[in-house]
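# Structure assessment
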Amino acid sequence: MKARVGTLPHMILLLLLFLSPGSITSCDYARMRDQESVRTYEKEMPRADARTVPVNSGFLALRAADPKKLVNPYPVNAASVNEGKLAYRYFCIQCHGQRADGMGTVGQSFSPLPADLGSERVQGLSDGELYARIRLGYKRHPELYTTISERDTWYVIQYTRSLAGKK
């Protein structure tokens, strides 16, 4: 009696071929799973040295902080307000305008308009709240954490304070 394809002995043989690892494709799956290139993202990264990477400051620390408790570390004087005015002209004037009234060239296309920085609403915020809003963004205000330095942000706030009551 001649065996035909599809009979029990042929099916057993085919099943054994497919179940044996690497028999057809010459692939050793167990060894492949242990390759570093396959398991790259499963490795735990080494701890960062606290002397080189900010672990108690930076973006995440600012997001976790209470903005009302942030204090401007720079003394207010004519030089720092002038530095703030220069930084304002570089980073803020496009939206908030020449008079800081929200009527900048770019800001006029927004609805609602950018904040009038001399207004009671803005002046009523603490320095820390202004700092957090500038650095982290607020509503339509973009996040400027990587755009403007910490020092310049505090100086812009000092310049903003100098606008109170000048409207």
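Calculation rules
Residues numbered from 1 in each chain as written. Predicted model: local features only at pLDDT ≥ 70, side-chain atom pairs only at ≥ 80, totals over all residues. Heavy atoms only, no water. Core = buried A, V, L, I, M, F, W, Y, C linked by side-chain atoms within 4.5 Å. Buried < 20%, exposed > 50% of the residue type's maximum accessible area, 1.4 Å probe, protein only. Helix = DSSP H or I, 4+ residues; strand = E, 2+ residues; numbered from the N terminus. Contact = heavy atoms within 4.5 Å. Polar contact = N/O pair within 3.5 Å; in protein donor to acceptor, adjacent residues only side chain to side chain. Axes fitted to C-alpha atoms, helices over the stretch in contact; angles between N-to-C directions. Parallel < 35°, antiparallel > 145°, perpendicular 65-115°, else oblique. Left-handed = near helix turned anticlockwise from the far one by under 90°. Salt bridge = Lys/Arg side-chain N within 4 Å of Asp/Glu carboxyl O.

Next up on the list: the nonpolar core. Soluble, globular proteins show a tendency: their nonpolar side chains are buried together. Of all hydrophobic cores here, the largest spans 21 residues; its most connected members are Tyr88, Leu117 and Ile157. Of all the secondary structure elements, the ones that give two or more residues to this core are helix H4 (78–91), helix H7 (127–136) and helix H8 (150–161). With residues near it in sequence (within four places) discarded, Ile157 still touches Asp127, Leu130, Tyr131 and Ile134.

A separate point is the side chain of Ser80. Note on placement: Ser80 falls in helix H4. Here the side chain of Ser80 touches Gln158 through a polar contact of 2.3 Å, side chain to side chain.

This part is about the packing of H7 against H8. It is at 10 Å that the axes of H7 and H8 come closest, and there the two elements cross at 125 degrees. Here H7 lies oblique to H8, going by the angle between them. In the packing of H7 onto H8, the handedness of the crossing is right-handed. Between H7 and H8, the residues in contact are Asp127, Gly128, Leu130, Tyr131, Ile134 and Arg135 and Glu150, Thr153, Trp154, Ile157 and Arg161, respectively.

So, on to the pattern of salt bridges. As enumerated under the stated definition, the model contains four salt bridges in all. The salt bridge partner of Glu83 is Arg151, with a shortest N-O separation of 3.3 Å. Taken together, the residues span a long stretch of sequence, with Glu83 in helix H4 and Arg151 in helix H8 at a distance of 68 residues. The partner of Asp152 in a salt bridge is Arg151, with the nearest N and O atoms 3.3 Å apart. Arg151 sits in the partly exposed class, given a relative accessible area of 33%. Linked through salt bridges whose partners overlap, the residues forming this network are Glu83, Arg151 and Asp152.

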